[in-house]
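Structural characterization, general
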Amino acid sequence: MRKDKKQVIGDEIGDDQIKLFLAFEPVDKTSPSLHKLIKAYRGLRIDDFERFLVFFKEAGLDLDGKDEQGQTFVDLIKDQRNAAEYIELIENARG
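So, here's what we can say about the structure.

Conventions and cut-offs
Residues numbered from 1 in each chain as written. Predicted model: local features only at pLDDT ≥ 70, side-chain atom pairs only at ≥ 80, totals over all residues. Heavy atoms only, no water. Helix = DSSP H or I, 4+ residues; strand = E, 2+ residues; numbered from the N terminus. Contact = heavy atoms within 4.5 Å. Areas by Shrake-Rupley, 256 points an atom, 1.4 Å probe, with all protein chains shown as cover. Salt bridge = Lys/Arg side-chain N within 4 Å of Asp/Glu carboxyl O. Buried < 20%, exposed > 50% of the residue type's maximum accessible area, 1.4 Å probe, protein only.

**Thoughts on the overall build of the protein**
Counting secondary structure elements, the protein contains five helices and zero strands. For the protein, the sequential pattern of α-helices and β-strands runs α-α-α-α-α. Across the protein, contacts joining residues at least 24 apart in sequence account for 61% of those joining residues at least 6 apart. Accessible surface, the protein as shown: approximately 6600 Å² in total, 47% of it carbon and sulfur.

**Observations concerning the environment of L34**
Locating L34 in the fold gives a position in helix α2 (residues 32–43). It is 7.6 Å that separates the C-alpha atoms of L34 and D62, two residues lying 28 residues apart in sequence. With residues near it in sequence (within four places) discarded, L34 still touches G65, K66, D67, Q71, T72, F73 and L76.

**Overview of the pattern of salt bridges**
For the structure shown, the criterion picks out six salt bridges. As a salt-bridge pair, K36 and E25 come within 2.7 Å of each other at their nearest N and O atoms. With K36 in helix α2 and E25 in the loop between α1 (15–19) and α2, this residue pair connects regions lying 11 residues apart in the sequence. Each of E12, D15, R45, D48 and R51 takes part in a single network of salt bridges with overlapping partners.

**Regarding the environment of S31**
Within the fold, S31 resides in the loop between α1 and α2. Given the relative accessible area of 15%, S31 is considered buried. In sequence terms S31 and K66 are 35 residues apart; their C-alpha atoms lie 5.5 Å from each other. Dropping the residues within four chain positions of it, S31 is found in contact with P26, G65 and K66.

Following this line, the structure appears as structure tokens:
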């Protein structure tokens, strides 16, 4: 690959595909908001996750939803390798 070419992995996904992550519902007592964030975190690239957060907020969902142990999305991912980028996006989305 030439040095002036940026490597692109996967196809660009549209807003409708990103919005599909808003449809996921938990099967336990996890907050629906938290469940949607986790699914999006696992299934979207960082840029797409950032776009997802716009739709998430427009839907009136809670950035601080908790699981059965009282942990938030940030609590659950904070020890992971790329967590800092995602946590920054969450903080920015909070305003």
